[in-house]
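For reference, the chains in residue letters:
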Amino acid sequence: MSLKYGEIISKMTLEEKARMMSGKNTWETVDFPQYGIPSMAMSDGPHGLRRQGGSGDHLGLGKSLPATCFPTAATVANSWDESLGEAIGTALAEEAVTMDVNVILGPGLNIKRSPLCGRNFEYFSEDPYHAGKMAAAYVKGIQSKGISACPKHFAANSQELRRMAMNSVVDERTFREIYTTGFEIAIKEGKSKSIMSAYNEINSVYANENKHLLREILVDEWGFDGYVVSDWGGSNDHALGVACGSHLEMPGTGDSGMKDIIRAVENGTLAEEVLDERLDELLGVIFATHQATEDGKGKIFDVEKHHELARKVAEESVVLLKNEENILPLAEGTKVAVIGDFAKAPRYQGAGSSLVNPTKTPEAIVDVIGESGLVMQSYAQGYVRNRKTNQKLLQQAVEAAKAAETVLIFAGLDEISESEGLDRVHMHMPQAQDELIEAVAAVNDNVIVVLSAGSAVEMPWFDKVKAIVHGYLGGQAGASAMLRVLTGKYNPSGKLNETYPYHYEDTPAYAYYPSKERSSEYRESLYVGYRYYTTVGKAVRFPFGYGLSYTTFTYSNLHVEKNTATFTLKNTGERDGAEIAQLYIGRKSDTVFRPVKELKGFAKVFLRAGEEKEVTIALDDKAFRFFDVRTNTWEIETGNYTVYVGANVEDTPLMTEIYVDGTVAEGGYDKASLPDYFTGRIENVSDNEYRVLYGREVPDGSWSGEIHMNDAVCQLYYGKGIFGKLFCGVLKLMVKFGEWQGKPNLNVLFNYNMPIRGYAKMTNGIVTMDMARALTEMANGHRIKGTGHFIKVCVKR
């Protein structure tokens with residue numbers, strides 16, 4: 001293979017080439033000025049840059065440079081507006097080049113397998129097509145300014161609990177159709193120059209050293225020509241990772257990673273030609289992004305312009321969930337009681353590595369309500385974050401509600417409820433908030449609940465309030481955006497990126513999530529989110545794609561050909577507004593099990609009152625395909641398909657059939673062997689049926705009692721070493737203390753979920769892999785032997 005930068009690489013020593021494969025520090029690659037190789041800087045930034053000055057950290061512990069805090073991905077996904085995603089990406093890149101950032105580590109597009117994943121606020125959707133289209137838009141925007149995006153976390157990364165020490169056990173068809181399709185769209189359509197591998201194993205092989213994922217799929221099938229970076233601390237066997245398609249381990253590991261690669265080349269397990277190829281691919285991105293940051297030096301970005309964009313994004317992403325008796329929009333001059341701590345101290349972003357230091361003080365409702373035309377008659381705090389009901393605050397809120405014509409309650413999930421490193425354990429809002437809403441609704445008939453949260457919640461008080469408006473996590477300008485929606489200055493057009501079930505127990509992965517000890521078995525298969533609810537006919541609170549407007553729309557005249565669907569959309573109300581039309585496809589087959597409906601296209605259409613338009617949605621290469629494990633490729637089953645068009649997955653008034661001449665006559669599945677998968681009743685799939693679907697023996701993920709280097713620190717409690725038990729016990733107490741404080745301690749959470757070998761990957765070489773092996777011996781009760789090995793390693797250094 002000819003190398004683009006072969007002349008440079010031929011001059012480098014093996015040691016120099018190996019050193020390039022690990023970071024120089026937390027955020028930058030190694031530079032070699034003598035060869036003209038500059039350093040390349042990376043920064044977290046799915047919804048705002050987190051560029052740290054001086055020494056950095058990956059957890060958001062240290063303060064970062066001011067940057068626009070845009071709404072999170074879960075929020076923006078509710079806009080279903082690809083042009084908006086591209087505008088955000090462009091703005092992020094404009095800020096990045098002024099901060100000398102070459103690579104923005106985002107967007108995140110893991111599938112929302114369960115509502116409980118702690119990072120759902122950072123991800124787009126429960127649907128891979130929706131997630132992929134939004135991610136591709138971000139990538140295009142970011143890369144339009146000459147730098148690189150980095151979609152993450154590739155792939156099947158669905159939980160935070162023991163995220164570096166768990167195995168995603170997933171059948172190949174589900175893996176390809178659900179968990180990699182979004183990345184495929186981001187790579188093929190967005191042309192991303194980099195991608196971040198996930199922490200977890202996929203079918204017992206770590207993502208960062210998974211040749212099937214990183215070469216066979218990413219490069220050979222999708223044509224990816226950029227570089228793969230490990231998630232921070234996610235490199236297990238660095239040399240094996242390089243051999244299998246990974247390039248860069250981050251953060252820097254001192255000399256440790258370099259020595260691993262040199263050793264592998266010298267013993268023949270890593271061909272030097274492969275190392276050269278990986279280096280050539282990495283250099284391609286380093287050189288391609290260097291000029292953009294050089295040009296950005298000394299420049300500043302337009303803070304006001306980006307703040308206004310953040311407000312526009314938040315507006316377009318607000319979802320109106322309930323509007324009984326058309327209580328909304330509120331007329332100018334309406335006197336309202338404002339209740340809820342979120343109205344004064346807004347919940348506007350998530351927690352963890354995506355934490356942004358905003359360019360402006362985040363807007364609070366109580367500070368900007370005067371500009372909206374509403375009259376704030378009173379304010380009551382109502383509750384204390386992460387505490388049980390405070391009767392005094394509750395009573396104050398009730399008294400305020402009694403005296404008001406209309407009540408606005410601001411509630412949702414607090415910071416400890418959803419965070420990197422911590423999954424939720426239920427779908428409830430904090431009890432104090434639920435009790436507040438119930439108490440206020442008992443004394444006032446005009447209650448409007450305004451939610452702030454990054455993922456689905458249960459709503460036991462649904463029938464007792466007049467309206468519900470969801471802003472998700474609206475960024476630094478979210479308050480004024482919400483008020484513009486509440487007062488009708490902006491007609492809400494957002495639609496949900498995920499299903500809201502009545503109860504967590506209704507969810508398809510309820511019996512399988514999170515991992516049981518090491519293995520997380522994806523027994524629900526394709527039936528994620530709406531794919532399950534619609535197939536089995538289970539009622540939900542709000543279906544996927546749902547959202548109301550202050551106007552109404554009708555659909556008519558559907559015509560479908562193989563590559564396009566056209567229909568007429570009319571605004572039949574009295575207000576201008578935008579509608580998000582969604583196209584789903586289904587097929588009944590005795591040889592391929594499928595969900596009843598799957599999203600295959602969408603269009604956001606603005607219509608003036610009374611206006612109608614003919615809308616066209618293209619049917620692309622993903623419209624009719626399924627992944628055929630017989631041929632290990634995408635196939636189309638010949639036959640009739642049903643095309644549905646409508647306002648959400650359950651409201652599809654237009655429906656027609658189309659015959660498709662496919663690539664295979666039948667799908668090859670035996671209905672009798674997979675009865676639960678053909679009906680969608682996957683709540684309790686038997687071991688035998690899952691084995692048939694999986695195609696081989698299912699890995700035993702049970703903890704053996706012996707501690708291994710890739711076991712999480714939280715497992716030390718079950719080991720034989722007394723010091724490991726004590727260390728684990730202290731961390732558990734610190735986790736509980738963080739929960740009590742209402743603020744996640746990210747450093748503690750990271751350590752709690754990290755495997756022992758992680759200390760060799762996160763300490764810049766202070767702890768080596770040999771030291772980690774000695775610590776593992778101690779954790780298994782071999783204190784003297786392990787201590788001896790540890791001292792021996794230290795002396796040799």
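Just so you know, these numbers come straight off a predicted model, no measurement behind them.

Undergrad: Give a detailed account of the overall build of the chain, specifying residues and quantitative values.
TA: Check the secondary structure of the chain and you find 24 helices and 24 strands. Since a compact globule built from 797 residues should have a radius of gyration of about 28 Å, the 26 Å found for the chain is in line with a globular shape. Counting the 797 residues in the chain, one finds 65% classified as buried. Excluding contacts between residues fewer than 6 apart, the proportion of contacts in the chain whose partners are at least 24 apart in sequence is 76%. Positive and negative side-chain charges in the chain, numbering 85 and 104 respectively, have mean positions lying 4 Å apart.

Undergrad: Please give an account of the pairing of strand β21 (residues 625–628) that cites residues and values.
TA: Across the two faces of β21 the burial is the same, with R625 and F627 and F626 and D628 all buried. As paired elements, β21 and strand β22 (residues 633–636) share 4 bridges and run antiparallel to each other. Note on β22: the bridge partner recorded for D628 is T633. Hairpin connection, β21 to β22: the antiparallel pair is bridged by 4 residues, and N632 has positive phi, about 55 degrees.

Undergrad: Describe helix α7 (residues 181–188), listing the residues and the values that go with them.
TA: Since one α-helical turn is 3.6 residues long, residues separated by three or four positions face the same way. Summarising burial for α7: 7 of the 8 residues are buried, a large majority. Listing the buried residues of α7 in full gives T181, G182, F183, E184, I185, A186 and I187. Those residues of α7 that are buried lie in contact with α5 (128–143), α6 (172–179), β5 (194–197), α8 (211–221), β21 and β22.

Undergrad: Explain the sheet that holds strand β9 (residues 319–323) to me, using residue names and the numbers behind them.
TA: Taken in spatial order, the 6 strands make up an open sheet running β9-β14-β13-β12-β10-β11, and their pairing is mixed. Strand pairing shows two members of the sheet lacking a second neighbour, β9 and β11 (375–380), which therefore form its edges. Neighbouring strand axes in the sheet, compared pairwise and without regard to direction, differ in orientation by 20 degrees on average. Judged from the 5 bridges that link them, strand β10 (residues 335–339) and β11 form a sheet pairing that is parallel. Bridging from a neighbouring strand, V336 pairs with M376 of β11. Each of β10, β12 (406–412) and β13 (447–452) is contacted by helix α15 (residues 431–441), which is oriented at about 170 degrees to β12, the strand it contacts most.

Undergrad: Could you give an account of the environment of F626, with specific residues and numbers?
TA: Take F626: it is sitting in strand β21. Considering only alpha carbons, one finds F626 and A665, 39 residues apart in sequence, at a separation of 13 Å. Not counting residues within four places of it along the chain, the set of residues in contact with F626 comprises R173, E177, V592, R594, T633, W634, E635, I636, E637, V664 and G667.

Undergrad: Give a detailed account of the packing of aromatic side chains, specifying residues and quantitative values.
TA: One pass over the structure, following the stated rule, counts 26 aromatic pairs. Ring plane angle 25 degrees and centroid distance 5.3 Å describe the contact between F542 and Y546, whose orientation is recorded as stacked. The residues F542 and Y546 share a single accessibility class, namely buried. Seen in terms of ring centroids, F593 and F678 are 5.9 Å apart; in terms of plane orientation they differ by 70 degrees. Their pairing is edge-to-face.

Undergrad: Tell me about the side chain of E160, and name the residues and values.
TA: Checked against the element boundaries, E160 lands in the loop between β3 (148–149) and β4 (167–169). Residue classification places E160 among the buried positions, given a relative accessible area of 1%. Excluding anything up to four places from it in sequence, E160 contacts G118, R119, S419, E420, G421, L422, D423 and N753.

Undergrad: I'd like a rundown of unusual backbone geometry, residues and numbers included.
TA: Omega for the bond connecting G106 with P107 falls within 30 degrees of zero, at 5 degrees, which places this linkage in the cis form. The omega torsion of the bond from Y513 to P514 falls at -10 degrees, within 30 degrees of zero and hence cis. Notably, K191 is not glycine yet its phi reads approximately 60 degrees, a positive angle. Tracing the chain through its elements places K191 in the loop between α7 and β5.

Undergrad: Break down the environment of G494 for me, citing the residues and quoting the values.
TA: Relative to the elements of secondary structure, G494 occurs in the loop between α16 (478–486) and β15 (519–521). Owing to a relative accessible area of 0%, G494 belongs among the buried residues under this scheme. It is 37 Å that separates the C-alpha atoms of G494 and G233, two residues lying 261 residues apart in sequence. Among residues more than four places away in sequence, those in contact with G494 are N78, E316, S317, V318, V319, Y546, G547 and I580.

Undergrad: Mind laying out a nonpolar patch on the surface, listing which residues take part and the relevant values?
TA: A contiguous nonpolar surface patch, about 320 Å² in accessible area, is contributed by I722, F723 and L726. Tracing the chain through its elements places F723 in helix α20 (residues 722–741). F723 gets classed as exposed once you look at its relative accessible area, which sits at 56%.

Undergrad: Give a detailed account of the packing of helix α14 (residues 391–402) against α15, specifying residues and quantitative values.
TA: Closest axis-to-axis distance for the α14/α15 pair is 9 Å, and the angle between their directions is 35 degrees. Of the two elements, α14 crosses α15, and the hand of that crossing is right-handed. For the pair formed by α14 and α15, the contact residues are L394, A397, V398 and A401 on the first element and E435, L436, A439 and V440 on the second. Each residue belonging to the contact of α14 with α15 can be placed in one class, and the counts come to 7 nonpolar, no polar and 1 charged.

Undergrad: Kindly report on the nonpolar core, identifying the contributing residues and their values.
TA: F124, F154, F175, Y179, F593 and Y677 are the most contacted members of the largest nonpolar core, which has 78 residues in total. Dropping the residues within four chain positions of it, Y677 is found in contact with R523, E524, S525, Y527, F593, I682, V685, E689, Y690 and L693. Residues A337, A404, Y472 and Y500 belong to the second largest nonpolar core, which totals 73 residues.

Undergrad: Kindly report on the sheet that holds strand β1 (residues 42–44), identifying the contributing residues and their values.
TA: One open sheet accounts for 3 strands, arranged β1-β2-β3; its pairing is parallel. The sheet is open, and its two edges are formed by β1 and β3, each paired on a single side. Pairing of β1 with strand β2 (residues 103–105), which is carried by 3 bridges, proceeds in the parallel orientation. Its bridge partner being in β2, M42 is matched across the sheet by V103.

Undergrad: Let's hear about the packing of helix α12 (residues 303–317) against α16: which residues, and what values?
TA: Running from N to C, α12 and α16 cross one another at 45 degrees; their axes reach a closest spacing of 8 Å. It follows from the interaxial angle that α12 and α16 lie oblique. Crossing of α12 against α16: the hand is right-handed. In this structure, α12 contributes R311, A314 and E315 to the contact, and α16 contributes G478, S480, A481, R484 and V485. Residues that form the contact of α12 with α16 fall into these classes: 3 nonpolar, 2 polar and 3 charged.

Undergrad: Explain the environment of N167 to me, using residue names and the numbers behind them.
TA: Topologically, N167 is positioned in strand β4. For the pair formed by N167 and T776, sequence separation is 609 residues and the distance between their alpha carbons is 20 Å. Discounting chain neighbours no more than four positions away, the residues touching N167 are E201, I202, N203, S204, R518, S519, S520 and P699. Engagement of the side chain of N167 in a polar contact is seen with the backbone nitrogen of N203, the distance being 3.2 Å. A distance of 2.7 Å separates a polar atom in the side chain of N167 from the backbone nitrogen of S204.

Undergrad: Could you give an account of the pattern of salt bridges, naming the residues involved and the relevant values?
TA: For the coordinates displayed, the defined rule picks out 57 salt bridges. Of the charged contacts, one joins D260 and R263 as a salt bridge, the two residues approaching to 3.2 Å between their closest N and O atoms. In this pair, D260 and R263 both sit in helix α10 (residues 256–267), 3 residues apart, roughly one turn of the helix. Owing to a relative accessible area of 47%, R263 belongs among the partly exposed residues under this scheme. The shortest N-O distance in the salt bridge between E308 and R311 comes to 2.5 Å. Pair noted here: E308 and R311 are both in helix α12, with a separation of 3 residues, about one helical turn.

Reading the values: the criteria
Residues numbered from 1 in each chain as written. Predicted model: local features only at pLDDT ≥ 70, side-chain atom pairs only at ≥ 80, totals over all residues. Heavy atoms only, no water. Helix = DSSP H or I, 4+ residues; strand = E, 2+ residues; numbered from the N terminus. Rg over C-alpha atoms; globule rule 2.2 N^0.38 Å. Buried < 20%, exposed > 50% of the residue type's maximum accessible area, 1.4 Å probe, protein only. Contact = heavy atoms within 4.5 Å. Lys, Arg positive; Asp, Glu negative; His and termini not counted. Charge placed at Lys NZ, Arg CZ, Asp CG, Glu CD. Pairing = 2+ DSSP bridges. Axes fitted to C-alpha atoms, helices over the stretch in contact; angles between N-to-C directions. Phe/Tyr/Trp six-rings, centres within 6.5 Å; stacked < 30°, edge-to-face > 60°. Patch = residues over 30% accessible without salt bridge, like charges linked within 9 Å, V, L, I, M, F, W, Y side chains within 5 Å. Areas by Shrake-Rupley, 256 points an atom, 1.4 Å probe, with all protein chains shown as cover. Salt bridge = Lys/Arg side-chain N within 4 Å of Asp/Glu carboxyl O. Left-handed = near helix turned anticlockwise from the far one by under 90°. Nonpolar A, V, L, I, M, F, W, Y, C, P; charged D, E, K, R; others polar. Core = buried A, V, L, I, M, F, W, Y, C linked by side-chain atoms within 4.5 Å. Parallel < 35°, antiparallel > 145°, perpendicular 65-115°, else oblique. Polar contact = N/O pair within 3.5 Å; in protein donor to acceptor, adjacent residues only side chain to side chain.

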